[in-house]
Amino acid sequence: MESHDERIDAYIQKSAEFARPILMHLRKVMHKALPDVEETVKWGMPFFEYMGPLCNMAAFKQHCAFGFWKGSLMKDSEELKTKNEKAMGHLGKITSLNDLPEDKRIIAWIKEAARLNEEGVKVPERTKKEKKHIEMPDDFQKALTKNKKAREHYQQFSPSHKYEYLEWITGAKTEATRQKRIDTTIEQLSSNKSLNWKYGRK
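Residues numbered from 1 in each chain as written. Predicted model: local features only at pLDDT ≥ 70, side-chain atom pairs only at ≥ 80, totals over all residues. Heavy atoms only, no water.

> Any details on the overall build of the protein chain? Residues and values, ideally.
Along the backbone of the protein chain there are eight helices and four strands. Going from N to C terminus, the protein chain has its helices and strands arranged as α-α-β-β-β-β-α-α-α-α-α-α. Of the roughly 13500 Å² that the protein chain leaves accessible, carbon and sulfur atoms contribute 49%. (Helix = DSSP H or I, 4+ residues; strand = E, 2+ residues; numbered from the N terminus. Areas by Shrake-Rupley, 256 points an atom, 1.4 Å probe, with all protein chains shown as cover.)

What follows is the structure, encoded as structure tokens:
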């Protein structure tokens, strides 16, 4: 018997009118391909699980998306990756039912994704990129020298918070943007704020 999550029912109903038939169809195909699939919601999106995460779908203002948790390990990974570059997920930007591949193709992908989970195949962990060293820019150093509060707070910051500011400042494309970023940095440091303080835990 199909397992339907009421939260996904609500998600579909709240989606844009164009998105509803797309989401309902993808959901129907999921259950047709894999009757034992379980529905849930993660990160605010409908997810389908079978011995672990399998697929997810989402609706946006002008398109829908559908993706495989282990798409990078599937036979058609290159094709899926190409479509993935155009939108979140692996089927590109879906604006109508006509944008979807044939059901039998989607079903084949779903069954392959399920088999990967059955076999316990894991997605390789991403190797962390080593951060490049950034020298303290002279203009930023001068600005810090002129503001005692900002300088003291900057010196007390963790290496990662210092790096965020240095990367942001040196990443400016123009002198005007760079100066504006230095001014903002000094202002925030004076209040002992990290670069992304607005997005921190409250």
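Moving on from the coordinates now.
> Run through the packing of aromatic side chains, naming residues and quoting values.
Per the counting criterion, the structure on display carries six aromatic pairs. On the numbers, 5.6 Å between centres and 65 degrees between planes, the contact of W43 with F47 is edge-to-face. Both rings, one in F47 and one in W69, keep their centres 5.9 Å apart while their planes meet at 70 degrees; by these two values the pair is edge-to-face. Of this pair, F47 sits in strand β2 (residues 45-49) while W69 sits in the loop between β4 (64-68) and α3 (77-84), and the two are 22 residues apart along the sequence. The exposure class of W69 is partly exposed, given its relative accessible area of 39%. One aromatic cluster is present, formed by W43, F47 and W69 through successive ring pairs. (Phe/Tyr/Trp six-rings, centres within 6.5 Å; stacked < 30°, edge-to-face > 60°. Buried < 20%, exposed > 50% of the residue type's maximum accessible area, 1.4 Å probe, protein only.)

> Please set out the pairing of β4 residue by residue, giving values where relevant.
With five of its five residues buried, β4 lies for the most part within the structure. The side-chain alternation of β4 yields two buried faces, one formed by C64, F66 and F68 and the other by A65 and G67. Pairing analysis gives five bridges linking strand β3 (residues 53-59) to β4, with the strands arranged antiparallel. Bridging from a neighbouring strand, A59 pairs with C64 of β4. Adjacent in sequence and paired antiparallel, β3 and β4 are bridged by four residues. (Pairing = 2+ DSSP bridges.)

> Describe helix α6 (residues 148-156), naming the residues involved and giving the relevant values.
Inspection of α6 places A150, H153 and Y154 among the buried residues, and these make up the whole buried set. End-on view of α6: buried residues confined to an arc of 100 degrees, all on one side of the axis. Seen from the open side of α6, the exposed residues pointing more than 90 degrees away from its buried face are K148, Q155 and Q156. Here the buried face of α6 lies against α5 (138-146), α7 (159-170) and α8 (175-190). Of the residues flanking the start of α6, the one acting as N-cap is N147, its side-chain oxygen 3.3 Å from the backbone nitrogen of K149. (Arc of directions from axis to C-beta. Contact = heavy atoms within 4.5 Å. Polar contact = N/O pair within 3.5 Å; in protein donor to acceptor, adjacent residues only side chain to side chain.)

> Tell me about the environment of V29, residues and numbers included.
Inspection of the secondary structure puts V29 in helix α2 (residues 19-33). Residue class for V29 comes out buried when judged on its relative accessible area of 2%. For the pair V29 and K104, spaced 75 residues apart in sequence, the C-alpha to C-alpha distance is 9.0 Å.

> Explain the sheet that holds β2 residue by residue, including any values.
Hydrogen bonding along the main chain pairs the strands of a sheet, whether they run parallel or antiparallel. Within the open sheet, the four strands sit side by side as β1-β2-β3-β4. Their pairing is antiparallel. The open sheet has two edge strands with one neighbour each: β1 (38-42) and β4. Taking each pair of neighbouring strands and ignoring which way they run, the sheet shows an average axis angle of 25 degrees. One ladder, built from five bridges, connects β1 with β2; its direction is antiparallel. In the strand pairing of β2, E38 is matched with E49. Here helix α1 (residues 6-14) sits on the sheet in contact with β1, β2 and β3, set at roughly 60 degrees to β1. (Axes fitted to C-alpha atoms, helices over the stretch in contact; angles between N-to-C directions.)

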